[in-house]
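Descriptive analysis of the structure
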Amino acid sequence: MARVVVVGSINMDLVTLAPRFAEPGETILGERFLTVHGGKGANQAVAAARLGADVALIGALGDDAFGNELHAGLAREGISLEHVVRFVDCGSGTASITVAGGENHIVVVPAANARVTPAQIEGAQATLASADAILVQMEVPLESVEATLRLGHKLGKPVILNPAPAQKLPMEWLKLARYLTPNQHELAILLGASGEEDFRALMQRAPAPVVLTRGGDGAWFRDGGEPQHQPGFKVDVVDTTGAGDTFNAALAVFLHEGLPGAVRKACAAAALSVTRLGAQSGMPTRAELDAFL
Ligand code: RIB
């Protein structure tokens, strides 16, 4: 069983289903509203746990009703929450999500997630040292992303940096990652490139190996040599929220099988996740992934 440690955000997703996206200044009637457990860190932890990994999460929650519910949900998935801190003077993270035509618009309010500190990461050194793979995204403060990259690298652990939501980062940080897992748009932002440059050229000049997600077109990956393509799996898309998180989790869980095999399984797991509504509610179990493949 792979041991995966995730550093990242925990959000309550406030999801509205709508016939289309509203224009700026426009009000439209939605079809349905639901609250779903989310946050990129929590989503990756849950997806990895469902795929059979032993998972620990490093993050933060408010001491509020959302925090209680999210904490209980993560515990039910069997995720170690020893390093999830609770703040009494701060709310839990939220994401307001509109889903229309299988696409989404998301606004995240980090709240407690903004209080994940480098000291908290360093305090979890023993947990990070026990990992086969470490996952980190960018919904926690950048100094904590840096601390995770530095500590993971020092411990000799493969750190997968999922640069979402994307910002330009120092090349020196990126070199510390074992893999970068952006989509095409995120890779351009990460490297400070123009959006027009071919993604294969960007992959070649990234300072760490890139596994690039392309939605329904699957993924491209490069670990030295030419970029290779893993085609996507054809499914009926209901909601793409959490597909990238499922992809990253599967990559971490199956990394020990070698990169091409891990990318194939990651594409399959992500495809399954988009056939159901919601981030964590759509994530497949190991048995579902095996049956699909
Ligand atoms: O990647 C999907 C996630 O992004 C959602 O669950 C939402 O919480 C935002 O963080």
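Bear in mind the structure is a predicted one, so any value in this text is a computation, not a measurement.

We now examine helix α5 (residues 142-154). For α5, which comprises 13 residues, the first-to-last C-alpha distance of 18 Å matches the rise-based estimate of 18 Å (1.5 Å per residue) to within 8%. Along α5, the residues classified as buried are Ser-144, Val-145, Ala-147, Thr-148, Leu-149, Leu-151 and Gly-152. Where the residues of α5 are buried, they touch β1 (3-7), α3 (118-123), α4 (125-129), β8 (133-136), β9 (159-161) and α6 (171-174). Phi turns positive, to about 75°, at Gly-156, one or two residues after α5.

The next subject is the site of the ligand. Looking at the ligand, the residues that line it are Asn-11, Asp-13, Gly-38, Gly-39, Lys-40, Asn-43, Ala-95, Val-108, Glu-139, Gly-242, Asp-245 and Ala-279. For the ligand, an oxygen atom lies 2.8 Å from a polar atom in the side chain of Lys-40. Within the side chain of Glu-139, a nitrogen or oxygen atom sits 2.6 Å from an oxygen atom of the ligand. When the free accessible area of the ligand is taken as 280 Å², the share hidden by the protein chains comes to 95%. Here the ligand occupies the largest pocket. The set of elements that each furnish at least two residues to the shell around the ligand consists of β2 (11-17) and α1 (40-50). Class assignment of the residues belonging to the shell around the ligand gives a composition of three nonpolar, five polar and four charged.

Applying the stated rule across the entire model yields one cavity of 30 Å³ or more. Size it by volume and the largest cavity reaches roughly 30 Å³. Taken together, Ile-10, His-37, Gly-38, Ala-42, Leu-70, Gly-73, Leu-74 and Gln-280 make up the lining of the largest cavity. Of all elements in the fold, only β3 (32-38) and α2 (65-76) reach the threshold of two or more residues within the lining of the largest cavity. At three residues, the largest contribution of residues to the lining of the largest cavity is made by α2. For the lining of the largest cavity, a count of residues per class yields four nonpolar, four polar and no charged.

It is worth spelling out helix α10 (residues 259-273) at this point. Spanning 15 residues, α10 covers 21 Å between terminal C-alpha atoms, matching the ideal 21 Å at 1.5 Å per step. Most of α10 sits out of view: twelve of its 15 residues are buried. The complete set of buried residues in α10 reads Leu-259, Ala-262, Val-263, Lys-265, Ala-266, Cys-267, Ala-268, Ala-269, Ala-270, Ala-271, Leu-272 and Ser-273. Residues of α10 that are buried in the fold lie against β10 (179-180), β11 (210-213), β12 (219-222), β13 (228-230), α9 (243-254) and α11 (286-292).

Moving on, we get to the environment of Asn-11. Within the secondary structure, Asn-11 sits in strand β2. With a relative accessible area of 1%, Asn-11 lands in the buried category. Measuring from C-alpha to C-alpha, the distance between Asn-11 and Ala-111 comes to 9.2 Å, with 100 residues separating the pair along the chain.

About the cut-offs
Residues numbered from 1 in each chain as written. Predicted model: local features only at pLDDT ≥ 70, side-chain atom pairs only at ≥ 80, totals over all residues. Heavy atoms only, no water. Helix = DSSP H or I, 4+ residues; strand = E, 2+ residues; numbered from the N terminus. Expected span 1.5 Å × (residues − 1). Buried < 20%, exposed > 50% of the residue type's maximum accessible area, 1.4 Å probe, protein only. Contact = heavy atoms within 4.5 Å. Near = heavy atom within 4 Å. Polar contact = N/O pair within 3.5 Å; in protein donor to acceptor, adjacent residues only side chain to side chain. Areas by Shrake-Rupley, 256 points an atom, 1.4 Å probe, with all protein chains shown as cover. 1 Å grid on protein atoms, 1.4 Å probe; cavity = no way out; pocket = protein on both sides within 12 Å on 5 of 7 lines; lining within 4 Å. Sits in = over half its atoms within 2 Å of the grid points. Nonpolar A, V, L, I, M, F, W, Y, C, P; charged D, E, K, R; others polar. Points joined across faces, edges and corners; volume = space filled by probe spheres on them.

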